[in-house]
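An overview of the molecular structure
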Amino acid sequence: MTFNDLKLSAPLLKAVSEAGYETPSPIQASAIPPVLEGRDLMGCAQTGTGKTAAFALPMLDRLSAAAPRKKGAVRALILTPTRELAQQIYDNFVLYGKKLPVYPTVIFGGVNQQGQVNALHRGADVVIACPGRLWDLMNQGFVHLDKVETFVLDEADRMLDMGFIHDVTRLLDRMDKRKNLGLFSATISREVMDIAWVYQRDAEEVTVREDEQNKPDIKQFRMDVSFDGKAEAIAKI
C-alpha cells in the first residue's frame, strides 16, 4: 500500500512525499480511511508508530475540503498530556498542511500566554493544547469550543492516568457541535473504554500489535558497566 491508495488530497500527498514518507505505517493504513469517512475512531498502537499522521492527515484533508461555519473559529481540538508532545504534533501539522488553508496553533503552560493569545486572535482552525493552559485561556474568554467539529485525545491512557479525566469529560460536554471523536492510545485502559462508551458513536477500532514490521521508531542501547562505574557512564551519555 502507498499513501496514494489512501485517497488523500494532492497537496497532502505532496507534503507527505516531501517529508520522506514512502509507505504508510500499519496504524496509518488502518486509521486514515475511516477518519476520512468521518467515523469516530479508537486507535491503539505503541508510541513511535506514526499515530500523529494517522489523525493529522485525514483531519487536514476534511478541514480543507469544507468551509468553516464561522471564520476564525476553532474547528478541531487535539488534547495532549505534555507540552513536548503538543509541540511535536503542532510541528507535524505545519509540515503536512503547509500547502493548505488550515491554520494550527499550540497552547501549553510554562511560557507567557500572550503569543498564544495573539495566534488565537489571528484565527486558528486547529488547536493543539495541554489541559491546564487550555482551561486558563477558556476561562479568560480567548478560546471558544462551540464550533469544534473534531476532537482528538492523543496518548489517552497517559492523559487519564495523570488525572485529567474530569477535564476531558467537561470539554466533551461543551462541544455540542462535535462530529468526530478520536482516541489514540498505547494501551486501552478501563478509563479509555469508559470515555469511548459514553462519547463515541459507532467507532472504528484499530489495534496494531508490535512486530518485526511495526516496531516503534525508538532506538535502544545497552551498556554493561560495573556498579562503581554507573555515575561515570551516565555522565558520558
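Further up the page is the structure itself.
This section reports on the structure supplied with the text. Note that the coordinates shown come from a computational prediction; the quantities given were computed from them, not determined experimentally.

As for the sheet that holds strand E3 (residues 104–107)
- The strand order across the open sheet built from 7 strands is E3-E4-E2-E5-E6-E1-E7, with neighbouring strands paired in parallel fashion. A single partner strand is all that each edge strand has here, and the edge strands are E3 and strand E7 (204–207). Sheet twist, expressed as the mean angle between neighbouring strand axes with direction ignored, is 10 degrees.
- Across 4 bridges, the pairing between strand E1 (residues 41–44) and E7 is parallel. From the neighbouring strand, Leu41 faces E7, where its bridge partner is Glu204.

Side note on unusual backbone geometry
- Within the chain, Lys7 stands out as a residue other than glycine whose phi angle is a positive 65 degrees.
- Relative to the helices and strands, Lys7 resides in the segment before helix H1 (10–18).
- On the basis of relative accessibility, which here comes to 70%, the residue Lys7 falls in the exposed class.
- In this model, Glu155 sits at a positive phi of 50 degrees, which is unusual for a non-glycine residue.
- Counting through the fold element by element, Glu155 comes out in the loop between strand E5 (150–154) and helix H7 (156–161).

What to know about helix H3 (residues 51–65)
- Compared with an ideal rise of 1.5 Å per residue, which puts 15 residues at 21 Å, H3 spans 22 Å between its outermost C-alpha atoms and is within 8% of the ideal.
- Counting buried residues in H3 gives 12 out of 15 residues, a clear majority hidden from the surface.
- By the burial criterion, the buried members of H3 are Lys51, Thr52, Ala53, Ala54, Phe55, Ala56, Leu57, Pro58, Met59, Leu60, Asp61 and Leu63.

Some points on the packing of helix H8 (residues 165–174) against helix H9 (residues 190–199)
- Two elements in contact, H8 and H9, have axes separated by 12 Å at closest approach and are oriented at 10 degrees. When the axis of H8 is compared with that of H9, the two are roughly parallel. Contacts from Ile165, Val168, Thr169, Leu172 and Asp173 of H8 reach H9 at Glu191, Ile195 and Tyr199.
- Partitioned by chemical class, the residues of the contact of H8 with H9 number 5 nonpolar, 1 polar and 2 charged.

Observations regarding the pattern of salt bridges
- Summed over the entire model, instances satisfying the criterion amount to 7 salt bridges.
- When the shortest N-O distance is used, the salt bridge between Lys147 and Asp146 registers 2.8 Å.
- Accessibility expressed as a relative area gives 36% for Asp146, which makes it partly exposed.
- For Asp167, the salt bridge identified is with Arg170, shortest N-O distance 3.8 Å. Taken together, the positions of Asp167 and Arg170, both in helix H8 and 3 residues apart, correspond to about one turn of that helix.
- Assessed through its relative accessible area of 17%, Asp167 is described here as buried.
- In this structure Arg170 comes out as partly exposed when scored by relative accessible area, which is 42%.

Some remarks on the packing of aromatic side chains
- Across all of its chains, the model carries 3 aromatic pairs by this definition.
- Ring geometry for Tyr21 and Tyr96: centres 6.0 Å apart, planes at 70 degrees, overall edge-to-face. A residue pair is termed long-range when its members are at least 10 positions apart, and Tyr21 in the loop between H1 and helix H2 (26–36) and Tyr96 in helix H4 (residues 83–96) qualify at 75 residues.
- The class of Tyr96 is buried, set by a relative accessible area of 2%.
- With centroids separated by 5.2 Å and ring planes inclined at 55 degrees, the aromatic side chains of Phe55 and Phe184 adopt a geometry described as tilted.

Procedures and definitions
- Residues numbered from 1 in each chain as written.
- Predicted model: local features only at pLDDT ≥ 70, side-chain atom pairs only at ≥ 80, totals over all residues.
- Heavy atoms only, no water.
- Pairing = 2+ DSSP bridges.
- Helix = DSSP H or I, 4+ residues; strand = E, 2+ residues; numbered from the N terminus.
- Axes fitted to C-alpha atoms, helices over the stretch in contact; angles between N-to-C directions.
- Buried < 20%, exposed > 50% of the residue type's maximum accessible area, 1.4 Å probe, protein only.
- Expected span 1.5 Å × (residues − 1).
- Parallel < 35°, antiparallel > 145°, perpendicular 65-115°, else oblique.
- Contact = heavy atoms within 4.5 Å.
- Nonpolar A, V, L, I, M, F, W, Y, C, P; charged D, E, K, R; others polar.
- Salt bridge = Lys/Arg side-chain N within 4 Å of Asp/Glu carboxyl O.
- Phe/Tyr/Trp six-rings, centres within 6.5 Å; stacked < 30°, edge-to-face > 60°.

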